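Chain by chain, the residues:
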Amino acid sequence: MEDVVWEERPVLLDPVAVIAYEGWGDAGESASGAAGSLLDQLAGFRFATIDPERYFDFQVARPLVELDETGTRNIEWPDTEFHAVSASSRDLVVVTGMEPHTMWKTYTAQVIAVLRELGVSEVLTMGAFIGEVAHSVPVPLVGVSNEPEMIETHNLIASGYEGPTGIIGVLNAALAADGFTVLSVWAAVPHYLTSQEYPPGALALFDKIVEFTGIDVDRSELALAADDFKREVDEAIDDPEMRSYVADLESQALADDSGADPGERLLDEIERFLRDS
């Protein structure tokens, strides 16, 4: 763990890890939004980071200059953060940050070493992709796991995707090879709403965090944001042609014109998203 910077080493009760990255694979900031809402809801603290020097191209992800309360300039680097969160039934390790650019094998080994040292054995990773789905229907969720029965248990659309992947895909494979139980959940975000945050996607993933970990946490604030967002979108879509298009997407949520399983269509869309991104 040569690049891990420990601020303290927490002692955790039956910890489970939740991992989400900003950037590629985070359509509508749904995954990072769900993780951020979790950290906002529960009292937690950052206990470690990964030094970004070897893993980021700073001309792509430039560090930020910030002023503190005294007016002193500080540099904010795009590092990975590990947070410890105490919940009612078990503790959580929440991993957040930007997707790194380089040395993914070394980077994932650093993440796994931290989780292993803390006694984590179960991991939930999250992502979001752009799909031809309507904002007015429940957010479709695609899942992959090294324990296939978990897909049915958590009511997910099973993924048979093959093709280019991101850090979540690489981390999923490395965690599974190292003996962790891994569930990865991806939310479908309407392609016509990808230029902004998508609270319904964050809420859908947040609910899966609660379901997977068994923790007791308030979802009302995020649920209200999702309801307000949907209402605002409904009010903003005043073009008859656009309303007709959304209605067509709603009907596809049940079945496409050929009568095929809509899950297969969603898998085709996530494949296009990953290959074109």
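A short tour of the structure in this document, coming up.

Conventions and cut-offs
Residues numbered from 1 in each chain as written. Predicted model: local features only at pLDDT ≥ 70, side-chain atom pairs only at ≥ 80, totals over all residues. Heavy atoms only, no water. Helix = DSSP H or I, 4+ residues; strand = E, 2+ residues; numbered from the N terminus. Buried < 20%, exposed > 50% of the residue type's maximum accessible area, 1.4 Å probe, protein only. Contact = heavy atoms within 4.5 Å. Axes fitted to C-alpha atoms, helices over the stretch in contact; angles between N-to-C directions. Left-handed = near helix turned anticlockwise from the far one by under 90°. Nonpolar A, V, L, I, M, F, W, Y, C, P; charged D, E, K, R; others polar. Pairing = 2+ DSSP bridges. Polar contact = N/O pair within 3.5 Å; in protein donor to acceptor, adjacent residues only side chain to side chain. Core = buried A, V, L, I, M, F, W, Y, C linked by side-chain atoms within 4.5 Å.

**Side note on the environment of M150**
Moving on, step 1. Considering the arrangement of structural elements, one finds M150 in helix 3 (residues 149-153).
Moving on, step 2. Residue classification places M150 among the buried positions, given a relative accessible area of 10%.
Moving on, step 3. Separated by 31 residues in the primary sequence, M150 and T181 place their C-alpha atoms 9.9 Å from one another.
Moving on, step 4. Contacts of M150, omitting those with residues within four sequence positions, involve S145, T181, L183 and F212.

**Some points on the packing of helix 5 (residues 199-213) against helix 6 (residues 220-236)**
Moving on, step 1. Where helix 5 contacts helix 6, the two axes come as close as 8 Å, and the packing angle between them is 150°. As helix 5 runs across helix 6, the sense of the crossing is left-handed. Facing P199, P200, A202, L203 and F206 of helix 5, the residues of helix 6 in contact are L222, A223, A225, A226, F229 and K230.
Moving on, step 2. Of the residues contributing to the contact of helix 5 with helix 6, the split by class is 10 nonpolar, no polar and 1 charged.

**A look at the sheet that holds strand 11 (residues 181-190)**
Moving on, step 1. Here we have 9 strands laid out as an open sheet, ordered 1-3-6-7-2-8-11-9-10, and mixed in their pairing. At either margin of the open sheet sits one strand with a lone partner, and together these are strand 1 (4-6) and strand 10 (157-158).
Moving on, step 2. Where strand 2 (residues 16-22) lies against strand 7 (residues 91-98), 7 bridges are found, and the strand directions are parallel. When the sheet's bridge partners are listed, A17 is paired in strand 7 with V93.
Moving on, step 3. Relative to strand 11, helix 4 (residues 167-177) is tilted by about 160°, and along the sheet it contacts strand 2, strand 8 (122-131), strand 9 (141-145) and strand 11.

**Looking at the side chain of E99**
Moving on, step 1. Mapped onto the secondary structure, E99 falls in the loop between strand 7 and helix 2 (104-117).
Moving on, step 2. Engagement of the side chain of E99 in a polar contact is seen with the backbone nitrogen of I167, the distance being 2.9 Å.
Moving on, step 3. The contact partners of E99, leaving out residues within four places of it in the chain, are Y21, E22, W24, F56, W104, G166 and I167.

**Quick word on the nonpolar core**
Moving on, step 1. Membership of the largest hydrophobic core comes to 45 residues, with the highest contact counts inside it found for L38, L92, M126, L141, L183 and L205.
Moving on, step 2. The biggest single contributor to this core is helix 5, with 7 residues.
Moving on, step 3. Filtering out sequence-adjacent residues up to four positions away, L205 remains in contact with S30, A31, A34, M126, G127, L141, V185 and A187.
Moving on, step 4. Counting 36 residues, the second-largest nonpolar core is a separate cluster that includes Y21, A48, A61 and V182.

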